[in-house]
Amino acid sequence: MTSGRYPHIDIHTHHHAEIDGLLRIVNVRLDDVTLPAHHPVHGSVGVHPWDADGRNPEQDATVLAAVVEEPWCVAVGEIGLDRVRGPALHTQRHSLDAQLDIAAQHRMPVILHCVRAHADLMQLRKQRRESNPWIIHGFTGHSELAGQLLQLDFHLSFGAAVLEVGSKAREALTTTPLNRLFFETDESGLDIRDIYRAAADLLLRDEEELMLAVSENFHRCFRVDP
Ligand SMILES: [Zn+2]
């Protein structure tokens with residue numbers, strides 16, 4: 001359980017079970033939104049780039065536009081680009097663009113999956129000139145890349161890599177301002193509290209201070225009171 005006023009916020013998990021003392025954003029595939037059992041307390045909805053093949057992005061956008069009006073849906077995601085896995089990049093781009101349009105129109109934060117496509121996303125961010133928050137989830141890059149993303153107003157969410165001694169992500173975390181920071185467990189099954197604890201140790205800060213900072217970021221980006 002948490003000891004202070006702020007919950008441990010996990011902005012990206014694929015595990016549906018609710019856990020006391022935690023505020024979690026559960027990832028829901030767009031194809032699953034018609035199943036009421038899949039509606040978490042807080043969720044993000046989107047078409048993952050790996051699933052972008054053989055779809056109709058305009059039709060997906062219409063469904064997404066309705067879902068983001070539902071109170072449990074607090075973000076669009078995970079959506080993004082993956083240059084290592086999944087369908088051709090132009091297919092991924094078509095799906096991504098349609099979903100980014102909906103996110104921008106509804107001023108929703110976006111949770112982004114990005115594998116070796118940071119340059120593409122930075123280019124897109126520049127071109128689209130949108131002010132809704134874009135959050136790179138599961139950031140594992142080095143601090144120089146983090147710096148480039150932060151300059152373009154991205155937020156960074158750190159997960160399991162924070163626990164790996166010597167990882168690039170640990171160094172990047174130390175150079176990320178507290179007001180751009182999120183944490184997540186993704187598919188790992190880790191306890192989000194262990195990630196906060198490791199991050200606090202690394203940043204030489206109190207865990208409470210980190211929880212407060214992430215709560216403020218959460219409130220600002222997701223417009224949900226933690
Ligand atoms: Zn994920």
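Residues numbered from 1 in each chain as written. Predicted model: local features only at pLDDT ≥ 70, side-chain atom pairs only at ≥ 80, totals over all residues.

We now examine the packing of helix 1 (residues 57–67) against helix 2 (residues 89–105). At a minimum axis separation of 9 Å, helix 1 and helix 2 run at an interaxial angle of 30°. In terms of orientation, helix 1 and helix 2 fall into the roughly parallel class. Crossing hand, helix 1 versus helix 2: right-handed. Between helix 1 and helix 2, the contacting residues are Pro-57, Glu-58, Asp-60, Ala-61, Leu-64 and Ala-65 on the first element and His-94, Ser-95, Ala-98, Gln-99, Asp-101 and Ile-102 on the second. A class-by-class count of the residues in the contact of helix 1 with helix 2 yields six nonpolar, three polar and three charged. (Axes fitted to C-alpha atoms, helices over the stretch in contact; angles between N-to-C directions. Helix = DSSP H or I, 4+ residues; strand = E, 2+ residues; numbered from the N terminus. Parallel < 35°, antiparallel > 145°, perpendicular 65-115°, else oblique. Left-handed = near helix turned anticlockwise from the far one by under 90°. Contact = placed C-beta atoms within 7 Å. Nonpolar A, V, L, I, M, F, W, Y, C, P; charged D, E, K, R; others polar.)

Burial of strand 5 (residues 110–115) is extensive: five of the six residues sit out of reach of the surface. Where strand 4 (residues 73–82) meets strand 5, six bridges bridge the pair, whose relative direction is parallel. Within the sheet, the bridge partner assigned to Val-76 lies in strand 5 and is Val-110. The handedness of the strand 4 to strand 5 crossover, carried by helix 2, is right-handed. Note: strand 5 against strand 6 (residues 134–136), three bridges, orientation parallel. Directly across from Leu-112, in strand 6, lies its bridge partner Ile-136. In the classification by handedness, the crossover that spans strand 5, the intervening helix 3 (residues 118–128) and the parallel strand 6 is right-handed. (Buried ≥ 20, exposed ≤ 12 C-beta atoms within 10 Å, placed from the backbone. Pairing = 2+ DSSP bridges. Right-handed = clockwise from strand over helix to strand, strands pointing away.)

Turning next to the sheet that holds strand 6. The strands making up a sheet associate through backbone hydrogen bonding, with each pair oriented either parallel or antiparallel. Across the sheet, which stays open at both edges, the eight strands sit in the order 1-2-3-4-5-6-7-8 with parallel pairing between neighbours. Strand pairing shows two members of the sheet lacking a second neighbour, strand 1 (8–13) and strand 8 (181–183), which therefore form its edges. Neighbouring strand axes in the sheet, compared pairwise and without regard to direction, differ in orientation by 25° on average. As paired strands, strand 2 (residues 22–29) and strand 3 (residues 43–46) are joined by four bridges and run parallel to one another. Paired with Val-28 across the bridge in strand 3 is Val-45. Along the sheet, helix 2 makes contact with strand 3, strand 4 and strand 5, crossing strand 4 at roughly 160°. Sheet strands in contact with helix 3 are strand 4, strand 5 and strand 6, and its direction is about 140° off that of strand 5.

By size, the foremost hydrophobic cluster in this structure holds 58 residues, and its most contacted members are Val-76, Val-110, Leu-112 and Ala-199. Once residues lying within four places of it in the same chain are set aside, the contact partners of Val-76 are Ser-44, Val-45, Gly-46, Leu-64, Val-68, Gln-99, Ile-102, Ala-103, Met-108 and Val-110. (Core = buried A, V, L, I, M, F, W, Y, C linked by C-beta atoms within 7 Å.)

Orientation of helix 6 (residues 192–203) relative to helix 7 (residues 207–222), taken along the N-to-C sense of each, is 110°, at an axis distance of 9 Å. Between helix 6 and helix 7, the interaxial angle falls into the category roughly perpendicular. The handedness of the crossing between helix 6 and helix 7 comes out as right-handed. Contacts from Tyr-196, Arg-197, Ala-199 and Ala-200 of helix 6 reach helix 7 at Glu-207, Leu-210 and Met-211. Taken together, the residues of the contact of helix 6 with helix 7 sort by class into five nonpolar, no polar and two charged.

In short, the description is geometric, and any link to function would need to be established separately.
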